[in-house]
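In case you want the letters, here they are:
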Amino acid sequence: MNKFFSNRKLVIVVVCIILSFGFMTFSVAVRNNKATPPLIQQFGNDIAGFGTSIIAVPANAIHSGASNIGELFDAYDENQRLKPQVQKVASTLVRNQTLEDENKQLKRQLNVGKTLTDYKIINSAVITRSPSAWEQQIIINKGQSAGVQKNMAVLGGKGLIGRVTEVNKTNSKVGLITNTADSADRFAIQITNKKNQVVNGIITGYSRQKNLIEMGNITNKIKLKLGDKVSTSGLGGVTPKGIYVGTVVKKSSDDYGLSSKIYIKPAADMNNLQVVSVAIRDN
């Protein structure tokens, strides 16, 4: 009897093993052939996925926040490092622009100096130009020790800008041709037309809005045209003759069609005077 029950248990175990392998094989086959897993497996997968998402959301948020904070600190440090460099670059750009403008003006001064064969040229820098007296005067860094004397003509860029009105040991004041004050010393100028005819007069005023020099006291009744050249006449013996002043751009006429007042576009840029030259008569 005991032997029978023992064999029976063995048979049951073998049958269970066979059935287990059979169910496993069947489950794999069904899973491979079906588009979705069995219901129980789906339920288990959903539970596992939901739990994972619950854990992942705050974890990802913490990780993202920590990463953003780190990037913020990095950006702040980089900003602190770049600030001095930006200021240095801006300062360098300003200095380079100033040097470039000064270099251009020096080149123009050299070209002007070559045409004044009877006069020596002393180059100087503008050290003061007060906004309240912008159109009246400038102060240059050359004076008596450099040979500068009162009433000497001063050039800037391509043409005449004024004359020396006060001389000190190391600096001088220059009265500009744009000075409209009654006490301003006037320049004697002349216009030469296409026929080489000359009209003489003096600078009598300046229009700031139009940037035009006014010429009055015209002594000749010669017809002029726009574009005729204007230069210093040299009358008076101090200002050199032939220094370029500008060109005729407008004129008013009397009843006979002759010029009564002439408007001149100055050759020099009166708003950008950094380097100027004093013309000294070569005795």
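About the thresholds
- Residues numbered from 1 in each chain as written.
- Predicted model: local features only at pLDDT ≥ 70, side-chain atom pairs only at ≥ 80, totals over all residues.
- Heavy atoms only, no water.
- Phe/Tyr/Trp six-rings, centres within 6.5 Å; stacked < 30°, edge-to-face > 60°.
- Lys NZ or Arg CZ within 6 Å of the ring centre and 35° of its normal.
- Helix = DSSP H or I, 4+ residues; strand = E, 2+ residues; numbered from the N terminus.
- Buried < 20%, exposed > 50% of the residue type's maximum accessible area, 1.4 Å probe, protein only.
- Pairing = 2+ DSSP bridges.
- Core = buried A, V, L, I, M, F, W, Y, C linked by side-chain atoms within 4.5 Å.
- Contact = heavy atoms within 4.5 Å.
- Salt bridge = Lys/Arg side-chain N within 4 Å of Asp/Glu carboxyl O.

A. Structural detail: the packing of aromatic side chains. What the rule picks out here adds up to zero aromatic pairs. Sitting over the face of the ring of Trp134, Arg129 holds its NZ or CZ atom 4.0 Å from the ring centroid. The positively charged end of Lys250 is found above the aromatic ring belonging to Tyr263, 5.3 Å away from the centroid.

B. Broad picture of unusual backbone geometry. The phi angle at Asn151 is positive, at roughly 75°, despite the residue not being glycine. In this fold, Asn151 is placed in the loop between β2 (137–140) and β3 (153–156). Despite not being glycine, Asn196 has its phi angle at roughly 65°, a positive value.

C. A look at the pairing of β3. Covered by surrounding structure in β3 are Ala153 and Leu155 together with Val154 and Gly156, the residues of both alternating faces. With four bridges joining them, β3 and strand β4 (residues 159–167) adopt antiparallel strand pairing. Its bridge partner lying in β4, Gly156 is registered against Gly159. Counted along the chain from β3 to the antiparallel partner β4, the turn is two residues long, and its residue Gly157 has a positive phi close to 70°.

D. Representation of the nonpolar core within the structure. Of all hydrophobic cores here, the largest spans 39 residues; its most connected members are Ile138, Ile161, Ile189, Ile191, Ile262 and Val278. Of all the elements, strand β12 (residues 275–281) adds the most residues to this core, at four residues. When near neighbours in sequence (up to four residues on either side) are disregarded, Val278 contacts Lys120, Ile121, Ile122, Ile140, Val148, Met152, Ala153, Val154 and Val164.

E. Main features of the pattern of salt bridges. In total, this model carries three salt bridges according to the counting rule given. In this structure, the salt-bridge partner of Arg208 is Glu135, at a minimum N-O distance of 2.9 Å. One end of the pair, Arg208, is in the loop between β7 (198–207) and β8 (212–216); the other, Glu135, is in the loop between β1 (119–128) and β2, with 73 residues separating them in the sequence. Accessibility expressed as a relative area gives 17% for Glu135, which makes it buried. In this structure, Lys261 engages Glu214 in a salt bridge whose closest nitrogen and oxygen atoms are separated by 4.0 Å. Residue Lys261 is located in strand β11 (residues 259–266), and its partner Glu214 is located in strand β8; the two are separated by 47 residues in the primary sequence. By relative accessible area, Lys261 is classed as partly exposed at 30%. Since its relative accessible area comes to 18%, Glu214 is described here as buried.

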